[in-house]
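Chain residues, written in single-letter form:
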Amino acid sequence: MIKRFSISLDENLLAEFDDFILRRQYSNRSEAIRDLIRKSFIQDEWEAGKEVVGVISLVYDHHQYQLQERITELQHGFHHQIVSTTHIHMDHDNCLEVVIVRGKALEVRDLAEKLTAIRGVKDGNLAMSSTGEDLH
Ligand code: NI
């Protein structure tokens, strides 16, 4: 089933887009947009399989029941991706854990999401970097 929707575009951007359509010989704007959407999805999947390095940071209260054990358990499940873990005691209650990771973007994201989702983790962030080339 085909659905229609309208797009608002700046005049100049639309003119550039129409030039692009002519150059690429698309038969109309819809066809060009469909193609661009598909390509960006492929790009996304391709990047998910790419090798990256990253830093996951977590903030949590170590008094939370079994939280430390859960975090350690989960990290052992990803020991191929984890390069190093550093634990900093921020104050009486709070800990900062910095996990340096290396692996496929998809795996690294998965680990970060699982760590952040653990109950009691107050804050979690992932920063990923890539050279744009394979790290092997
Ligand atoms: Ni601590």
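For clarity, every value in this text was computed on a predicted model and none was experimentally measured.

Here we look at the pattern of salt bridges
Item 1. One pass over the full model with this rule turns up three salt bridges.
Item 2. The salt bridge partner of Arg29 is Asp18, with a shortest N-O separation of 2.8 Å. Within this pair, whereas Arg29 is found in helix H2 (residues 29-48), its partner Asp18 is found in helix H1 (residues 11-24), the two being separated by eleven residues in sequence.

Section: the packing of aromatic side chains
Item 1. This model, assessed by the stated rule, comprises two aromatic pairs.
Item 2. Residues Phe20 and Tyr26 carry aromatic rings whose centres are separated by 6.0 Å and whose planes lie at 35° to one another, so their mutual orientation is tilted.
Item 3. With relative accessibility at 15%, the residue Phe20 sits in the buried group.
Item 4. Judged by its relative accessible area of 13%, Tyr26 is buried.
Item 5. The structure contains a cluster of three or more aromatic residues connected by ring pairs, namely Phe17, Phe20 and Tyr26.

Considerations on the coordination of the nickel ion
Item 1. Within the protein, the nickel ion binds to His87 (NE2), His89 (ND1) and Cys95 (SG); these donor distances fall in the range 2.1 to 2.4 Å.
Item 2. Mapped onto the polypeptide sequence, the residues donating to the nickel ion form the spacing pattern H-x1-H-x5-C.
Item 3. The class for His89 is exposed, based on a relative accessible area of 64%.

Focus: the packing of H1 against H2
Item 1. Viewed as axis vectors pointing N to C, H1 and H2 meet at an angle of 90°, and their least axial separation amounts to 10 Å. As far as their axial angle goes, H2 and H1 are roughly perpendicular. In contact with Leu14, Phe17, Asp18, Phe20 and Ile21 of H1, H2 contributes Arg29, Ala32, Ile33 and Leu36.
Item 2. Among the residues making up the contact of H1 with H2, the classes are represented as seven nonpolar, no polar and two charged.

Concerning the nonpolar core
Item 1. Ranked by internal contacts, the top residues of the largest apolar core, which has 19 residues, are Ile56, Leu58, Ile71, Val101, Leu111, Leu115 and Ile118.
Item 2. Within the residue set of this core, elements represented by two or more residues are strand E1 (51-61), helix H3 (67-77), strand E3 (94-104) and helix H4 (105-117).
Item 3. The residues touching Leu115, leaving out its near neighbours within four places in the chain, are Ile56, Leu58, Ile71, Leu74, Gln75 and Val121.
Item 4. Phe17, Phe20, Ile21 and Ala32 belong to the second largest nonpolar core, which has five residues in total.

Topic: the domain arrangement of the chain
Item 1. Under the domain assignment, the chain is made up of domain 1 (11-47) and domain 2 (51-135).
Item 2. On a C-alpha basis, the centres of domain 1 and domain 2 stand 38 Å from each other.

Remarks on a negative patch on the surface
Item 1. Together, Asp10, Glu11, Glu16 and Asp19 line one region of the surface with negative charge.
Item 2. Of note, Glu16 is situated in helix H1.
Item 3. Glu16 gets classed as exposed once you look at its relative accessible area, which sits at 52%.

Calculation criteria
Residues numbered from 1 in each chain as written. Predicted model: local features only at pLDDT ≥ 70, side-chain atom pairs only at ≥ 80, totals over all residues. Heavy atoms only, no water. Salt bridge = Lys/Arg side-chain N within 4 Å of Asp/Glu carboxyl O. Helix = DSSP H or I, 4+ residues; strand = E, 2+ residues; numbered from the N terminus. Phe/Tyr/Trp six-rings, centres within 6.5 Å; stacked < 30°, edge-to-face > 60°. Buried < 20%, exposed > 50% of the residue type's maximum accessible area, 1.4 Å probe, protein only. Donors = N, O, S within 2.8 Å, 3.2 Å for Na, K, Ca; no water. Axes fitted to C-alpha atoms, helices over the stretch in contact; angles between N-to-C directions. Parallel < 35°, antiparallel > 145°, perpendicular 65-115°, else oblique. Contact = heavy atoms within 4.5 Å. Nonpolar A, V, L, I, M, F, W, Y, C, P; charged D, E, K, R; others polar. Core = buried A, V, L, I, M, F, W, Y, C linked by side-chain atoms within 4.5 Å. Domains from an automatic or database assignment. Patch = residues over 30% accessible without salt bridge, like charges linked within 9 Å, V, L, I, M, F, W, Y side chains within 5 Å. Areas by Shrake-Rupley, 256 points an atom, 1.4 Å probe, with all protein chains shown as cover. Lys, Arg positive; Asp, Glu negative; His and termini not counted. Charge placed at Lys NZ, Arg CZ, Asp CG, Glu CD.

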